[in-house]
Amino acid sequence: MNQDRRDRLRDAAIEVLAEAGGRGLTHRAVDAAADVPLGTSKNYFPTRDTLLRAVAERCLEQYRELAARLAGAGPGPGDRDGLSALLAGLLRDTAGAGRPRVVAYMELQAEATRRPWLAALLDPIAAADFAAFGHLLAAAGLSAGPERARALTLALHGAVLHLLTGAPATLVTAGLDDLDAFARGLLDSVSPSPSPSPSASPSPSPSPGPEEEGP
């Protein structure tokens with residue numbers, strides 16, 4: 001099987017799902033979007049379910065590639081500023097180059113409400129997000145733990161919905177018109193910087209007593 005053509009078909013399927021929704025995802029539409037002979041996608045993905053599975057797997061691959069690129073392919077940003085920049089970059093990608101992938105993934109989630117097998121496929125992908133953001137918090141030297149990872153992940157997922165809709169008043173109200181400031185504020189809320197300990201005040205010198213009178 002030609003892997004390059006397979007990836008081309010999977011990328012085309014993402015575009016079709018993002019633009020036409022679940023009902024528009026057909027083999028014929030994927031073939032047209034990939035500019036390949038009719039029937040090609042059916043040879044690679046014989047059923048609609050295998051086509052949906054291929055889209056889910058490709059969305060995950062692209063998301064991981066983006067996260068690794070923003071993190072410098074290392075263990076993760078090493079400080080608050082680096083993590084803030086990574087989060088802002090992920091959100092910026094949602095409204096830009098990554099929009100088809102994100103919209104397609106949301107269409108998959110809608111399809112999963114009617115297809116238990118797809119829900120089972122997406123479940124570990126979504127669950128891994130919580131662990132990944134918890135790891136990033138810890139790698140950046142910030143307070144981590146399940147509760148903070150949940151708060152960060154759910155806040156980012158909520159932000160993505162508004163970014164995809166792009167309603168100007170909502171973006172301003174949510175603070176999403178400035179993604180760098182939003183990411184910094186989110187981290188400050190989820191994992192506040194420790195308050196500087198007050199410097200020890202010098203002990204006051206005892207007041208001199210009255211001079212003893214001479215005899």
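Note that the coordinates shown come from a computational prediction; the quantities given were computed from them, not determined experimentally. (Residues numbered from 1 in each chain as written. Predicted model: local features only at pLDDT ≥ 70, side-chain atom pairs only at ≥ 80, totals over all residues. Heavy atoms only, no water.)

## Topic: the nonpolar core
Note on soluble globular proteins: their nonpolar side chains tend to be buried together.
Then, in step 1: Ranked by size, the top nonpolar core spans 28 residues in total, and within it L83, L87, L91 and L152 carry the most contacts.
Then, in step 2: For this core, the elements supplying multiple residues, two or more each, are α5 (80-95), α6 (99-112), α7 (116-139), α8 (146-165) and α10 (179-190).
Then, in step 3: Filtering out sequence-adjacent residues up to four positions away, L87 remains in contact with F133, L152, L156, A183 and L187. (Core = buried A, V, L, I, M, F, W, Y, C linked by side-chain atoms within 4.5 Å. Buried < 20%, exposed > 50% of the residue type's maximum accessible area, 1.4 Å probe, protein only. Helix = DSSP H or I, 4+ residues; strand = E, 2+ residues; numbered from the N terminus. Contact = heavy atoms within 4.5 Å.)

## A few points about unusual backbone geometry
Then, in step 1: Despite not being glycine, D35 has its phi angle at roughly 55°, a positive value.
Then, in step 2: Following the sequence through the fold, D35 ends up in the loop between α2 (27-34) and α3 (40-44).

## Observations concerning the packing of aromatic side chains
Then, in step 1: Using the criterion set out here, one finds one aromatic pair in the structure.
Then, in step 2: Relative to F45, the ring of Y44 lies with its centre 6.3 Å away and its plane at 45°, an arrangement referred to as tilted. Across the pair, F45 and Y44 agree in class, each one buried. (Phe/Tyr/Trp six-rings, centres within 6.5 Å; stacked < 30°, edge-to-face > 60°.)

## Looking at helix α1 (residues 3-20)
Then, in step 1: Here α1 contains 18 residues, and its C-alpha end-to-end distance of 25 Å stays within 8% of the 26 Å for a straight helix at 1.5 Å per residue.
Then, in step 2: Restricting attention to buried positions, one finds in α1 the residues R6, D7, L9, R10, A12, A13, I14, V16 and L17.
Then, in step 3: Among the residues of α1, the N-terminal cap falls to N2, whose side-chain oxygen and the backbone nitrogen of D4 are separated by 3.0 Å.
Then, in step 4: Positive phi appears at G21, one or two residues downstream of α1, with a value of about 75°. (Expected span 1.5 Å × (residues − 1). Polar contact = N/O pair within 3.5 Å; in protein donor to acceptor, adjacent residues only side chain to side chain.)

## Re the packing of α7 against α8
Any two packed helices are characterised by the angle at which their axes cross and by the distance between the axes.
Then, in step 1: Between α7 and α8, the least distance of the axes is 8 Å, while the angle of their chain directions is 115°. By the criterion of interaxial angle, the relationship of α7 to α8 is roughly perpendicular. Once α7 is placed against α8, the crossing between them reads as right-handed. Between α7 and α8, the residues in contact are D129, F130, F133, G134 and L137 and R148, A149, R150, L152, T153, L154, L156 and H157, respectively.
Then, in step 2: Looking at side-chain class alone, the contact of α7 with α8 contains seven nonpolar, three polar and three charged residues. (Axes fitted to C-alpha atoms, helices over the stretch in contact; angles between N-to-C directions. Parallel < 35°, antiparallel > 145°, perpendicular 65-115°, else oblique. Left-handed = near helix turned anticlockwise from the far one by under 90°. Nonpolar A, V, L, I, M, F, W, Y, C, P; charged D, E, K, R; others polar.)

## So, the packing of α5 against α10
Then, in step 1: It is at 8 Å that the axes of α5 and α10 come closest, and there the two elements cross at 125°. One element, α5, and the other, α10, form an angle in the oblique class. Both α5 and α10 take part in a crossing whose hand is right-handed. Contacts between α5 and α10 involve R80, L83, S84, L87, A88, L91 and R92 on the former and, on the latter, L179, D180, F182, A183, R184, L187 and D188.
Then, in step 2: Residue composition of the contact of α5 with α10, grouped by class: eight nonpolar, one polar and five charged.

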